[in-house]
Amino acid sequence: MRIGLIVGPWFTVPPEKYGGTERVVDALACALSDAGHDVLLATSSDSTCPVPQLPGFGPSEPEDVGLSLSELAHVIKAYKGLRGVDIIHDHTLAGPLYAHRPPNIPVVTTIHGQLTPRSEGLYRDMAHDTGIIAISRDQCSRVQDLPVSAVIHHGIDLSAVAVGKGTGGYACFVGRMCPDKGLMEAVGIAREAGVPLRIAAKMQAPDEQEYFRDVVQPALGTDEEFLGELSDPEKYQLMGDATVLLNPIQWAEPFGLVMIESLATGTPVLTTPMGAAPEIVSHGVTGYVAPANELAGFMGSIGSLSRAACRHEVEESFSAARMAADHLELYARVIEQFGGTGLPVGRNLQENQRQAPINL
């Protein structure tokens, strides 16, 4: 199969440090290539993903993140360059709505963010001629009758992640510096349990810096250590040595990549029952899922959980190879549906829940 992948112009694939969509696209591109398929990636010229890349793009533009003009120029060039593929998987918001897509190539897109009333309307419009992929059942359950072609959980490349021993004597928090990620809740949980906390967080945007300056920094004590934003090897070392990852999210996060990264290192997760967290963490097996004010009570039970079971769960359900296999199944189905009709047909949510290409 010849597969074209499009990602936005703002960040490299993979990202240098923090970044969800670009990290997932990198893992997917490599796994599809490893499975024997021809992958062509439309991304910024400074990306280092080892699959062939469509030429003619400039370097990443993080300073323009969210700017429509840069995204539109990027996706128009991408669709022109991908006319020879069998299917296009577009990870942008603007691309699937582009009116001059190649008429003979089916397109699928992934909903990487939260479905809001505004974005729901856009995806309904896309679904007329685009296959829609959700990244969790919780994500697509928040709207009624959105034509979703598949629910496919994210996966990661396990070859880059070693299993740690968890003997560092601390809990860790990894995420973005914002209230939604639950950092202050993590501080409270660690203090109540009497466990030191090490914090790795992205803090680049003005609102992130303001939140740290005004809320987080004044609250940190001697048992909390802020490490800044870490590279992947540094992050996996932090997670692998930790007793537990504290992830008390405060919003309906569509998929928390940090949780499967922690489980891959063998480190269990304490998280809240929000968003897709219950689809990722098996309560009492790979961590505990409970309201934030109850999580400290589970800290004493973390040592009884098997680090090998945490790793095994990722190998079985959240590997890049599994993610690629699920996408290939969908691609084949969309190509078959596209033939003769010109339109890939999305199934409704109820049917998708019965026949989703993943096992939860």
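Our subject is the structure listed above.
Because the structure is predicted, anything quoted here is derived from the model rather than measured.

(A) The arrangement of the sheet that holds strand E1 (residues 2-6) in detail. Spatially, E2-E1-E3-E4-E5-E6 is the arrangement adopted by the six strands of the open sheet, whose pairing is parallel. The open sheet has two free edges, formed respectively by strand E2 (38-42) and strand E6 (150-151), since each of these has just one partner strand. Note: strand E3 (residues 87-90) against strand E4 (residues 107-110), three bridges, orientation parallel. By the bridge assignment, Ile88 is partnered in E4 with Val107.

(B) Highlighting the sheet that holds strand E8 (residues 197-202). Sheet architecture is open: six strands sit in the order E9-E8-E7-E10-E11-E12, paired in parallel fashion. In the strand order of this sheet, the two ends are held by strand E9 (224-228) and strand E12 (287-289), each with one partner. On average, each strand axis in the sheet is inclined to that of its neighbour by 20 degrees, with strand direction left out of account. Relative to the sheet, helix H8 (residues 257-264) contacts strand E7 (171-176), strand E10 (244-247) and strand E11 (269-271), its axis offset from that of E10 by approximately 175 degrees.

(C) Fine view of the packing of H8 against helix H11 (residues 307-317). Here H8 crosses H11 at 125 degrees, and the two axes come no closer than 7 Å. On the basis of the axis angle, H8 is oblique to H11. On the side of H8, the interface is formed by Ile260, Leu263 and Ala264, while H11 contributes Cys310, Arg311 and Val314. Looking at the contact of H8 with H11, its residues break down into five nonpolar, no polar and one charged.

(D) Here's a closer look at unusual backbone geometry. Omega for the peptide link from Val13 to Pro14 comes to -5 degrees, which places this bond in the cis form. On the secondary structure map, Pro14 appears in the loop between E1 and helix H1 (21-34). Backbone geometry at Asp145 places phi at a positive 65 degrees, although glycine is not the residue there. Along the chain, the position of Asp145 falls in the loop between helix H4 (137-141) and E6.

(E) Summary view of the side chain of Asp138. Mapped onto the elements, Asp138 comes out in helix H4. The buried category is assigned to Asp138, whose relative accessible area is 15%. The contacts of Asp138, once residues within four sequence positions are left out, are Ala252, Gly275, Ala276 and Glu279.

(F) Local environment of the packing of helix H5 (residues 183-193) against helix H6 (residues 206-219). Interaxial distance between H5 and H6 falls to 11 Å at its minimum, and their mutual angle equals 0 degrees. In terms of their interaxial angle, H5 and H6 are classed as roughly parallel. Facing H5, whose interface residues are Leu183, Met184 and Arg191, H6 presents Tyr211, Val215, Val216 and Ala219. Its residues assigned to classes, the contact of H5 with H6 shows six nonpolar, no polar and one charged.

(G) Representation of the layout of surface pockets in the model. Put simply, the second largest pocket is a space of about 260 Å³. Around the second largest pocket, the lining comprises 16 residues; the ones closest to its centre are Asp26, Asp157, Ala160, Asp232 and Tyr236. Of all the secondary structure elements, the ones that give two or more residues to the lining of the second largest pocket are H1, helix H7 (232-241) and H8. For the lining of the second largest pocket, the leading source of residues is H1, giving five residues. Among the residues forming the lining of the second largest pocket, the class breakdown is ten nonpolar, one polar and five charged.

(H) Highlighting H7. Taken together, the buried positions of H7 are Lys235, Tyr236, Leu238, Met239 and Gly240. Packed against the buried residues of H7 are H1, E7, E8, E9, H8 and H11.

(I) Representation of the environment of Val143 in the model. Tracing the sequence through the fold places Val143 in the loop between H4 and E6. Distance from Val143 to Arg118, taken between C-alpha atoms, is 11 Å for residues 25 residues apart in sequence.

(J) How the structure looks around helix H12 (residues 320-338). The terminal C-alpha atoms of H12, which comprises 19 residues, lie 26 Å apart, in line with the 27 Å expected from a rise of 1.5 Å per residue. Within H12 the residues assigned to the buried category are Ala320, Arg322, Met323, Ala324, Asp326, His327, Leu328, Leu330, Tyr331, Arg333, Val334 and Phe338.

(K) Focus on the pattern of salt bridges. Summed over the entire model, instances satisfying the criterion amount to 16 salt bridges. Between Arg198 and Glu225 there is a salt bridge, and its shortest N-O distance comes to 3.7 Å. Here Arg198 is found in strand E8, whereas its partner Glu225 is found in strand E9, with 27 residues between them in sequence. On the basis of relative accessibility, which here comes to 32%, the residue Arg198 falls in the partly exposed class. Between Asp214 and Arg213 there is a salt bridge, and its shortest N-O distance comes to 3.2 Å.

Reading the values: the criteria
Residues numbered from 1 in each chain as written. Predicted model: local features only at pLDDT ≥ 70, side-chain atom pairs only at ≥ 80, totals over all residues. Heavy atoms only, no water. Pairing = 2+ DSSP bridges. Helix = DSSP H or I, 4+ residues; strand = E, 2+ residues; numbered from the N terminus. Axes fitted to C-alpha atoms, helices over the stretch in contact; angles between N-to-C directions. Contact = heavy atoms within 4.5 Å. Parallel < 35°, antiparallel > 145°, perpendicular 65-115°, else oblique. Nonpolar A, V, L, I, M, F, W, Y, C, P; charged D, E, K, R; others polar. Buried < 20%, exposed > 50% of the residue type's maximum accessible area, 1.4 Å probe, protein only. 1 Å grid on protein atoms, 1.4 Å probe; cavity = no way out; pocket = protein on both sides within 12 Å on 5 of 7 lines; lining within 4 Å. Points joined across faces, edges and corners; volume = space filled by probe spheres on them. Expected span 1.5 Å × (residues − 1). Salt bridge = Lys/Arg side-chain N within 4 Å of Asp/Glu carboxyl O.

The quantities given are spatial measurements derived from coordinates; they are silent on function.
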